[in-house]
Amino acid sequence: MKLKIFLSAFIAIALSLTSYAQFREGASYEDLYDSETVSAMKAHVRELSATHLEGRKAGSDGEKYAAEYVTARLKEYGVDVLSPADGEVFGIMTADGDTLTSRNVVAYVPGYDKKLRDHYIVVGARLDNIGTSVTVIDGQPVERVYCGANGNASGLAMLVELARMVQTNSIVFRRSVLFVAFGASCGTFAGSWYFLNRSFPDVESIDGMINLDMLGTAYNGFYAYTSSNADMNALVRTLSGNLQPVLPELVASEPYPSDHRAFYEKEIPSVLFTTGRYPEHNTDRDTQSIIDYEGMEKELEYIYNFTEALCNANDRMLFRDSGAQAARRTEEGVVSYYECDQRPTFLGTSDPSRFLEKWVYQYLKYPEKAVRDGVQGRVVVEFIIEKDGKVSDVMVTKGVSEEIDAEAVKVISASPKWKPGKVRGEKVRTSLSIPVEFRLEKKGAGAGRGLKK
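Residues numbered from 1 in each chain as written. Predicted model: local features only at pLDDT ≥ 70, side-chain atom pairs only at ≥ 80, totals over all residues. Heavy atoms only, no water.

Throughout the structure, instances matching the rule amount to 21 aromatic pairs. Centroid distance F195 to F200: 5.3 Å. Interplanar angle 15°. Geometry classified as stacked. Summarising the burial analysis for this pair, F195 and F200 share the class buried. When the ring of F273 is compared with that of F306, the centres are 5.2 Å apart and the planes differ by 85°; the resulting orientation is edge-to-face. Here F306 lies in helix α8 (residues 293-312) and F273 lies in strand β11 (residues 270-274), a separation of 33 residues in the sequence. Taken individually, F273 and F306 each receive the classification buried, so the pair is uniform in this respect. An aromatic cluster is present here, built from Y108, Y120, F182, F195, F200 and F263 joined pairwise through their rings. (Phe/Tyr/Trp six-rings, centres within 6.5 Å; stacked < 30°, edge-to-face > 60°. Buried < 20%, exposed > 50% of the residue type's maximum accessible area, 1.4 Å probe, protein only. Helix = DSSP H or I, 4+ residues; strand = E, 2+ residues; numbered from the N terminus.)

Take a look at the structure:
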């Protein structure tokens, strides 16, 4: 009797596991060890690059299904979707005179700052891929499906998960963020053109654009392309001075033409994040098997930090230096820390994190009022290293509270002399921006200041 009960229970468990495995098509037991973010991105890429979408060609049912999928996931995450369930439809005139119908998905996370919430950062990703083709093999037609797991199901997955993170932490974003999956992107960039010229009424209030295209092959590298925009380059370099899970390589040559081009034509500062071209690009081998999800998770964290920094910048990114700004920079003779031929050094190192470790966190004191009120956060402080090595013009560009901001300024202002930076062998005034972390320790963990040393 006991044996019968045991066998019955065993069969029931086996059947339930089989049913679960069938429901999770394409999954494996290795997935059980994935983080929540990796699991979500795997699900997104799996669905968006499935063969039944037939390569998501612009105007196809597959592209429509992809738009519906992205819309549904964004709504699940509580993001306000502005377009209909199957996307905002628009028409494209083809070369033979026909009209092709495509669609954009547009979503929105409002900023908190009363002065900046009507300014926008657009995060975009290509929705479509190149579809299918028929090849004759041994006299028989064989259909090839270009699933586009990396191009660009990976970017769409990143966009959806980034939207979730921004929505969850919307209280810290000063500007509003628009998330757009662009249809008919391959070759024509029609979706981004339509968004900027027909759909979105307040283009002049777009302060920047982040494009996510082909981000699934981190083993090939991770790149940032800004069309050599000085302000975007400076932001990338500033974040490179902070602790990040992965850092992009700034490149001068465009890795891949994509929707950032439409924003560039509107003179909107833009950055393309990508892992670049790869052997499976535009082939039927671009499937889930080539995707590095752990690498994508690291890229996502960096791109989230970049998005937050871009949304919270005090000044609007400039497409090009205005005459007044160029004159001011020339008059003041200030050079960015990361643009020096020889960067300023502190105690023998040019790594800004060593200045934080060896000076700032050694002498920083957590204000008692901030401890009592439970206030913590990251202060971003900008200062100038003069030609004689002294620190001057210390100012907060992103604050936390009056007491915490003042403490960060006080300690940095008291810095010992640096060895100044040089350009073409000449000493220059150098500007540097650093993040100062104020973190309260948990009760019983020691003193009230939880600063890394």
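Across the interface, helix α2 (residues 36-48) lies against α8 with an axial gap of 10 Å and an inter-helix angle of 110°. In terms of axis orientation, α2 runs roughly perpendicular to α8. For the element pair α2 and α8, the recorded crossing hand is right-handed. Note on element contacts: α8 touches α2 through Y293, E294, M296, E297 and L300, opposite T37, V38, M41, K42 and V45. Looking at the contact of α2 with α8 residue by residue, the class counts come to 6 nonpolar, 1 polar and 3 charged. (Axes fitted to C-alpha atoms, helices over the stretch in contact; angles between N-to-C directions. Parallel < 35°, antiparallel > 145°, perpendicular 65-115°, else oblique. Left-handed = near helix turned anticlockwise from the far one by under 90°. Contact = heavy atoms within 4.5 Å. Nonpolar A, V, L, I, M, F, W, Y, C, P; charged D, E, K, R; others polar.)

By themselves, these figures tell us nothing about what the structure is for.
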